[in-house]
Amino acid sequence: QPLFLGNAGTATRCCTAAAALVDGVAVVAGAKALRKRPFGPLVAALTSLGKSYEYDVYPGTGHGFLKPGRQGSDGPQVARAWGRIMDFYATHLGK
């Protein structure tokens with residue numbers, strides 16, 4: 001399950017780089033707007049290391065949608081995102 005980082009580009013780059021150093025699967029996800037940022041060098045580095053990656057989109061949401069009062073904060077994507085975050089934590093950090 002992905003680690004959802006919202007629209008935090010710096011955190012996404014750092015966490016993805018760190019995840020590339022460990023064995024196993026790590027998934028870093030973000031808000032739709034995050035995909036518009038330049039991630040070409042990061043993708044190239046992951047590919048050159050033989051790492052697989054994926055991203056998820058949360059339609060109808062805006063920046064920081066997990067915070068109450070933000071665009072999409074009352075929609076179905078919130079439960080989906082939190083579910084994936086908690087699954088990621090349980091899988092990779094223990095219960």
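Use the structure listed above.
Keep in mind the model is a prediction, meaning the values are calculated, not measured.

The rules we used
- Residues numbered from 1 in each chain as written.
- Predicted model: local features only at pLDDT ≥ 70, side-chain atom pairs only at ≥ 80, totals over all residues.
- Heavy atoms only, no water.
- Helix = DSSP H or I, 4+ residues; strand = E, 2+ residues; numbered from the N terminus.
- Rg over C-alpha atoms; globule rule 2.2 N^0.38 Å.
- Buried < 20%, exposed > 50% of the residue type's maximum accessible area, 1.4 Å probe, protein only.
- Contact = heavy atoms within 4.5 Å.
- Areas by Shrake-Rupley, 256 points an atom, 1.4 Å probe, with all protein chains shown as cover.
- Lys, Arg positive; Asp, Glu negative; His and termini not counted.
- Charge placed at Lys NZ, Arg CZ, Asp CG, Glu CD.
- Phe/Tyr/Trp six-rings, centres within 6.5 Å; stacked < 30°, edge-to-face > 60°.
- Core = buried A, V, L, I, M, F, W, Y, C linked by side-chain atoms within 4.5 Å.
- Polar contact = N/O pair within 3.5 Å; in protein donor to acceptor, adjacent residues only side chain to side chain.

J.: Whenever I open this one, the overall build of the protein confuses me. Can you help?
T.: When helices and strands are counted, the protein shows three helices and two strands. Its C-alpha radius of gyration of 13 Å places the protein within 12% of the 12 Å reference for a compact globule of 95 residues. Scored against the burial criterion, the 95 residues of the protein give a buried share of 34%. Contacts spanning at least 24 positions in sequence make up 58% of the contacts within the protein whose residues lie at least 6 apart. Surface exposure of the protein reaches about 5,900 Å², of which carbon and sulfur atoms provide 59%. Across the protein, the centroid of the 11 positively charged side chains sits 9 Å from that of the 5 negatively charged ones.

J.: How should I be thinking about the packing of aromatic side chains in this particular structure?
T.: The description of an aromatic ring pair rests on the distance of the ring centres and on the angle between the ring planes. One pass over the structure, following the stated rule, counts three aromatic pairs. Each ring, one from Phe4 and one from Phe65, has its centre 5.3 Å from the other, and the planes form 75 degrees; the classification is edge-to-face. Of this pair, Phe4 sits in strand S1 (residues 2-4) while Phe65 is found in the loop between helix H2 (40-48) and helix H3 (76-93), placing the two residues 61 residues apart along the sequence. You can call Phe4 buried: its relative accessible area is 9%. Among the residues examined, Phe65 registers a relative accessible area of 1% and is labelled buried. Taken together, the aromatic side chains of Phe4, Tyr58 and Phe65 make up a single cluster linked through ring pairs.

J.: What should I look at first to understand the nonpolar core in this one?
T.: Within soluble globular proteins, side chains that are nonpolar tend to cluster in buried spots. Formed by Phe4, Ala29, Ala31, Tyr58, Phe65, Val78, Ala81 and Ile85, the largest nonpolar core amounts to eight residues. With three residues, H3 is the single largest residue contributor to this core. Setting aside anything within four residues of it in sequence, one finds Ile85 in contact with Pro2, Phe4 and Leu66.

J.: Please clarify how the side chain of Thr61 should be interpreted in this entry.
T.: With respect to the helices and strands, the residue Thr61 is situated in the loop between H2 and H3. Among the polar contacts listed, one links the side chain of Thr61 to the backbone oxygen of Tyr58, at a separation of 2.6 Å. Discounting residues that sit within four places of it in the chain, Thr61 has contacts with Gln71, Gly72 and Gln77.

J.: Where do I start with the environment of Gly64 in this structure?
T.: Inspection of the secondary structure assignment puts Gly64 in the loop between H2 and H3. A relative accessible area of 22% means that Gly64 is categorised as partly exposed. Sequence-wise, Gly64 and Gly30 are 34 residues apart; in three dimensions their C-alpha atoms are separated by 9.6 Å.

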